Amino acid sequence: MNQINSFTHSVMFHHFYDDKKHPQGQGAISSSDFTKAIKYLDDHYCLISASDYLTHFLGDTLQDNHICLSFDDALKCQIDIALPILEKKNLNAFFFIYTSPLTGAPDFLEVYRHFRTVNYQNIDAFYDDFFLIFAAKHKILFNQSKESFNHKEYLTDFPFYSSNDKYFRYIRDNILSKSQYHHLMLDLFQKHTFNYSESISTLWMSEEEIKGISDQGHVIGLHSHNHPTQMHKLSKEEQLDEYQTNYNYLHKIINKDILSMSHPCGNYNNDTLSLLSDMGVKIGFRSNLGVKEISSPFEIPREDHANIMALIK
């Protein structure tokens, strides 16, 4: 295995906003913010393209100060806002893509996020609404969640999350079933007359755009098919289906071997690492810096862009 230490090796980006098509949701940054982040990384590290990073990694020549950029979830805003800046800087990046949106039947994770961005004044207003409807429809589960949740011990690897951020994710990932959560969100959609079909057609990159960034030299990687938030709770067979379906879709689009991946929400287990190795994937990234002893090439730490922006501002 390549020698990997616990230094930051990549910075992870998701959402971008502008004054045209992409609203300013929680955690989203502007083109100006992104430019400042690149300058900061260039000043403090040796910022290199993802293709060079991959070459160094495979050749075991990666240095402690090497760092690259990575983008999760195949979001359209990344193409519209971040890509022109990457082109100007002559940088390529990792784009980790989950593929259910390409089928017309995506996992609703991003749809939920878009809904709370465009229908609430701020994220805590959404949480107030969500916690109320959760308590009304699932009183027993609500009481259980209140008793079992400890905000000081949950998601400690994500210091930028508020107590409400953590409690919401705790309910979503540990208390409610996927179906129960979806139906609560549908109730809120109805309350706000939110047309989720419209957002499905605007949130993600198209197949043509994915092929386009691949042809430009950006590195396309796996991110599962449906983006489960709790991958480590799936059976090995379910995980294999997630990643094999993901691989097949992407390989058909870009006609290249896919050697990289990132773990959705940073969640995985030993089954995940084993099946990725069997699939021929060479490098994988976490979503935080939590692991200090890295035991496989699929556990490279990433710094969330929010932590970089906090240093800049």
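Position labels on residues start from 1 in each chain and follow its written sequence. Local features are withheld for residues below a pLDDT of 70 in this predicted model, meaning they are given only at 70 or higher, and side-chain atom pairs are given and counted only at 80 or more; totals for whole chains, interfaces and linings count all residues. Side-chain measures were taken over the full set of non-hydrogen atoms in the model, leaving aside hydrogen atoms and water.

Help me out: how do you make sense of the packing of aromatic side chains in this one?
Each aromatic ring pair is specified by the distance between its two centres and by the angle formed by the two planes. Pairing of aromatic side chains requires ring centres within 6.5 Å, counting the rings of Phe and Tyr and the six-membered ring of Trp. Pairs whose planes differ by under 30 degrees are stacked, by over 60 edge-to-face, and all others tilted. Within this structure, the stated rule accounts for 42 aromatic pairs. With 5.5 Å between their ring centres and 75° between their planes, Y120 and F126 make a pair best called edge-to-face. Each member of the pair, Y120 together with F126, is buried. With centroids separated by 5.7 Å and ring planes inclined at 75°, the aromatic side chains of F134 and F142 adopt a geometry described as edge-to-face. Per-residue accessibility, obtained with a 1.4 Å probe over protein chains only, is compared with the maximum for each type, and a residue is labelled buried under 20%, exposed over 50%, and partly exposed between these values. Taking relative accessible area as the criterion, F142 reaches 18% and is therefore assigned buried. We call a charge positioned over a ring when the NZ of a Lys or the CZ of an Arg lies within 6 Å of the ring centre and within 35 degrees of the ring normal. Its end group placed over the ring of Y161, R169 keeps NZ or CZ at 4.3 Å from the ring centre.

Explanation requested: the packing of helix 1 (residues 31-44) against helix 3 (residues 76-89) in the structure shown.
When two helices pack together, their arrangement is given by the angle between their axes and by how far apart the axes lie. Simply put, an axis is a line fit to the C-alpha atoms, just over the touching stretch for a helix, and the angle between two N-to-C directions goes from 0 to 180 degrees. A run of H or I in DSSP counts as a helix once it spans at least four residues, and a run of E counts as a strand once it spans at least two, with each numbered from the N terminus. At their nearest, the axes of helix 1 and helix 3 sit 10 Å apart, and the two run at 40° to each other. Regarding the angle of helix 1 to helix 3, the classification is oblique. The two elements helix 1 and helix 3 cross, and the hand of that crossing is right-handed. Contact with helix 1, carried on its side by S31, F34, T35 and I38, involves I81, A82, I85, L86 and K89 of helix 3 and no other residues of that element. Residues were grouped as follows: Ala, Val, Leu, Ile, Met, Phe, Trp, Tyr, Cys and Pro as nonpolar; Asp, Glu, Lys and Arg as charged; and all remaining residues, including Gly, as polar. Among the residues making up the contact of helix 1 with helix 3, the classes are represented as six nonpolar, two polar and one charged. For this classification, under 35 degrees means roughly parallel, over 145 means roughly antiparallel, 65 to 115 means roughly perpendicular, and everything else is oblique. When the near helix sits turned anticlockwise from the far one by under a right angle, the crossing is termed left-handed; a clockwise turn instead gives a right-handed crossing. The contact definition used throughout considers only heavy atoms, calling two residues in contact when any of these lie within 4.5 Å.

Where do I start with the layout of surface pockets in this structure?
Only protein atoms enter the 1 Å grid used here. Points where a 1.4 Å probe fits but cannot escape make up a cavity, open sets with protein on both sides within 12 Å along at least five of seven lines make up a pocket, and a residue lines them when an atom lies within 4 Å of a point. Grid points are joined across faces, edges and corners, and a volume is the space filled by probe spheres set on the points. Reported here for the largest pocket is a volume of approximately 1,000 Å³. When residues of the lining of the largest pocket are traced back to their parent elements, those giving at least two are helix 4 (109-119), helix 7 (163-175) and helix 13 (305-312). Roughly 470 Å³ of volume is contained in the second largest pocket. Among the elements of the structure, helix 4, helix 7 and helix 8 (178-191) are those that each provide at least two residues to the lining of the second largest pocket. Of the residues contributing to the lining of the second largest pocket, the split by class is eight nonpolar, seven polar and six charged.

Honestly, the pairing of strand 3 (residues 66-72) in this entry has me stumped. Any pointers?
Put simply, side chains in a regular strand alternate between the two faces of the sheet. Summarising burial for strand 3: seven of the seven residues are buried, a large majority. Burial along strand 3 is two-sided: H66, C68, S70 and D72 facing one way and I67, L69 and F71 facing the other are all buried. As defined by bridge partners, strand 1 (residues 10-13) adjoins strand 3 across four bridges and the pair is classed as parallel. Following the sheet pairing, M12 is matched in strand 3 by S70. Each parallel crossover has a hand, and the one from strand 2 (residues 46-47) via helix 2 (residues 50-58) to strand 3 is right-handed. Between the parallel pair strand 3 and strand 4 (residues 94-97), the chain is carried across by helix 3, and the sense of this crossover is right-handed. For two strands to be treated as a pair, DSSP must find no fewer than two bridges joining them. A right-handed crossover is one whose linking path, passing over the helix from the first strand to the second, runs clockwise when the strands point away from the viewer.

I'm lost on the pattern of salt bridges in this one. Help?
If charged atoms from side chains of opposite charge come close, those side chains can pair. Should a side-chain nitrogen of Lys or Arg be within 4 Å of a carboxyl oxygen of Asp or Glu, the pair is scored as a salt bridge. For the coordinates displayed, the defined rule picks out 10 salt bridges. Between K21 and D80 there is a salt bridge whose closest N-O contact spans 3.0 Å. With K21 in the loop between strand 1 and helix 1 and D80 in helix 3, this residue pair connects regions lying 59 residues apart in the sequence. Assessed through its relative accessible area of 56%, K21 is described here as exposed. For K211, the salt bridge is made with D215, and the minimal N-O distance between the two is 2.8 Å.

Help me understand a negative patch on the surface, please; the structure alone is not making it clear to me.
Two joining distances apply to patches: 9 Å for like charges and 5 Å for nonpolar side chains (Val, Leu, Ile, Met, Phe, Trp, Tyr), and every residue must have over 30% relative accessible area and no salt bridge. Residue burial considers only the protein chains on display, and all accessible areas are found by Shrake-Rupley using a 1.4 Å probe. Charge convention: Lys and Arg are scored as positive, Asp and Glu as negative, and His as well as the terminal groups of each chain are ignored. We put the charge of a Lys on NZ, of an Arg on CZ, of an Asp on CG and of a Glu on CD. A cluster of acidic side chains, namely E237, E238, D241 and D271, defines a negative patch on the protein surface. A total of three residues in the negative patch trace back to one element, the largest contributor, which is helix 11 (residues 236-254).

Would you take a moment to explain the pairing of strand 4 for this structure?
By the alternation rule, side chains of strand 4 split into F94 and F96 and F95 and I97, which are all buried. In terms of strand pairing, strand 4 meets strand 5 (residues 219-222) through four bridges, oriented parallel. Pairing of F94 across the sheet is with V219, part of strand 5.

I keep staring at the confidence of the model for the protein chain and nothing clicks. Help me out?
Low pLDDT means the predicted coordinates in that region are not meant to be read closely. The predictor reports its confidence for every residue as pLDDT, a score running from 0 up to 100. Looking at the protein chain, pLDDT values average 93 and 96% of them are 70 or higher. Confidence drops under a pLDDT of 50 for residues 1-6, and excluding neighbours within four residues, the segment shows 20 contacts in the predicted structure.

Would you mind going over unusual backbone geometry with me for this structure?
Trans peptide bonds make up the majority, and among non-glycine residues the majority have a negative phi. Here N90, not a glycine, exhibits a phi torsion of approximately 55°, which is positive. Mapped onto the fold, N90 is located in the loop between helix 3 and strand 4. Backbone geometry at C265 places phi at a positive 60°, although glycine is not the residue there.

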